[in-house]
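Single-letter residue listing:
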Amino acid sequence: MADKGLAQKVRDTQIWKSIFRHGPPDNARNRAAVVAGNVFLHLHPIKLKKSGVQLGYTWCMGGLTFFVFLALTVTGVLLMFYYRPTAEYAFNDIVALREHVPLGIMREIHRWGAHAMVITVWLHMFRVFMTGSYKPPREFNWGVGVVLLVLTMLLSFTGYLLPWDQLAIWAIAVGANMAKATPFLGHGGPGAALAQLGDFVMVSDKNDVRYQLLGGRFVGEPALLRFYILHCVFIPLVVGTLIAVHFWRVRKDGGISAPL
Amino acid sequence: MAERVSLNRREFFSFLTVGWVAFTAAAAGLLSMAFRYSYPNVDFEPEMDFMAGRPASYEEGVDERWKNSYGVWIVKSEDKMYALSVICTHLGCVPNWRAAERKFKCPCHGSGFYSTGVNFEGPAPRPLERFAINLTPTGEILVDKTKVYRQELGQWGNPGAYISV
């Protein structure tokens, strides 16, 4: 029996075999097992067309968007170690993140990443639209993508308030007034005046959608807390779930679209 | 074997239906609870009406003492007093009173208003709103922000939109 190389000895250890449940990917069966046996890769198809990885066709924009989303998740979690969402601390903690913490660029990475993600999402949608990849059987996944676009912009909007400076407060004051103008649901919107019984106003600034969004009639501490929870917990959970659906449907709807 | 079957096919499906109806009702109940949950019973925002002192304590011009606490400017002219809302009619920011230029100027998008509240520059589409203002029997000013008077609707001359001094 020939002396085995070191690499083969490592592959023969129980530790290696318990982690990787298949042989080296040097044949079609094992290469399929690599994808099918890995929780992170199993959303992907086992095989794809060579044209599916053509950068000139896909721009890898969906992949880049996901990469930026992961970077934002990591930097966002790191920022949460120093940031307290209260009127007393929020702004000072933002300054401290730059001045008192090593690698004070962490917040800038998060901010630039947020801008980058909005851009890559739009470019991804542009590519999908121009290549006609929204057509059946992929029309459901286009719908999922549109929801993800809206959620991406809601993540940007809710994150906008967290620095708690003048720009943040007044930008959210202006943005929240769009909720005030919602038909029937906002007290300044069309239809709100119709929902009035004599002197009793049914849609007022105390019970409309803007109040629900801000936790008050104007941008105050309850709004800061609500936006913080939405930004750090609620929307990311929804986005993460929909990303899984999105990737899975890419595979089930015939794989990533490619030149015909 | 057959005696273990206590549920026939039809009964099974009716149980299933009851189960799904109950589940849907519970889910809808939970959703509506979550919706109501987002509207607190108590908030810590300023009251919608407040006593603003006696007219004699105001000098002619724009008074900013209630701006931060209640969002109201009390403006006194030769023969009238009125309560102006500090909310810009463009997109809802709070303008600043520039005494030297005798105008309200919104820092967000540059809307300008005279001390009467009438807009004259920038994107604001209509004048600032006025709140109901009245004198109590004891001679104090009562401002009620739940009643709004709008110039473009011809309401600034209505009783309650101003007090005579």
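1. Here's the deal with the pairing of strand E4 (residues 80–85) of chain B
Across a regular strand the side chains alternate sides, sitting on one face of the sheet and then on the other.
Residues and elements named next belong to chain B.
Then, number 1: As defined by bridge partners, strand E3 (residues 72–76) adjoins E4 across 5 bridges and the pair is classed as antiparallel. By the bridge assignment, isoleucine 74 is partnered in E4 with alanine 83.
Then, number 2: Counting the residues between successive antiparallel strands, the hairpin from E3 to E4 contains 3 residues.
Then, number 3: One ladder, built from 2 bridges, connects E4 with strand E9 (residues 130–135); its direction is antiparallel. Residue pairing in the sheet places alanine 83 in a bridge with phenylalanine 131 of E9.

2. A short note on the domain arrangement of chain A
Then, number 1: Taken domain by domain, chain A consists of domain 1 (1–42) and domain 2 (43–252).
Then, number 2: For domain 1 of chain A versus domain 2 of chain A, the distance between C-alpha centres works out to 40 Å.

3. A word on the domain arrangement of chain B
The accessible area lost on association of the parts is a frequent measure of interface size.
Then, number 1: Taken as a whole, chain B is organised into domain 1 (2–37) and domain 2 (49–164).
Then, number 2: Here the C-alpha centroids of domain 1 of chain B and domain 2 of chain B sit 58 Å apart.

4. A look at the interface of chain A and chain B
Then, number 1: Facing 9 residues of chain A, the contacting portion of chain B comprises 8 residues.
Then, number 2: Elements that contribute at least two residues to the side of chain A that touches chain B include exactly helix H9 (166–180) and helix H10 (209–214) of chain A.
Then, number 3: With 4 residues, the single largest contributor to the side of chain A that touches chain B is H9 of chain A.
Then, number 4: Considering only residue class, the side of chain A that touches chain B consists of 4 nonpolar, 4 polar and 1 charged.

5. A closer look at the sheet that holds strand E8 (residues 119–121) of chain B
Within a beta sheet, neighbouring strands are joined by backbone hydrogen bonds and run either parallel or antiparallel to one another.
Residue and element names in this part refer to chain B.
Then, number 1: Read from one edge to the other, the open sheet built from 4 strands follows the order E5-E6-E7-E8, with strand pairing classed as antiparallel. Of all strands in the sheet, those bounded by a partner on one side alone are strand E5 (96–98) and E8.
Then, number 2: Here strand E6 (residues 103–105) pairs with strand E7 (residues 112–113) via 2 bridges, running antiparallel. From the neighbouring strand, phenylalanine 104 faces E7, where its bridge partner is phenylalanine 113.

6. Some thoughts on the confidence of the model for chain A
Then, number 1: In the predicted model, chain A carries a mean pLDDT of 91, and 99% of its residues have values of at least 70.
Then, number 2: The secondary-structure element of chain A with the lowest mean pLDDT is strand E1 (residues 196–197) of chain A, recorded at 80, while helix H8 (residues 139–161) of chain A shows the highest, at 97.

The rules we used
- Residues numbered from 1 in each chain as written.
- Chains lettered and ligands numbered in written order.
- Predicted model: local features only at pLDDT ≥ 70, side-chain atom pairs only at ≥ 80, totals over all residues.
- Pairing = 2+ DSSP bridges.
- Helix = DSSP H or I, 4+ residues; strand = E, 2+ residues; numbered from the N terminus.
- Domains from an automatic or database assignment.
- Contact = placed C-beta atoms within 7 Å.
- Nonpolar A, V, L, I, M, F, W, Y, C, P; charged D, E, K, R; others polar.
- pLDDT = per-residue confidence, 0-100.

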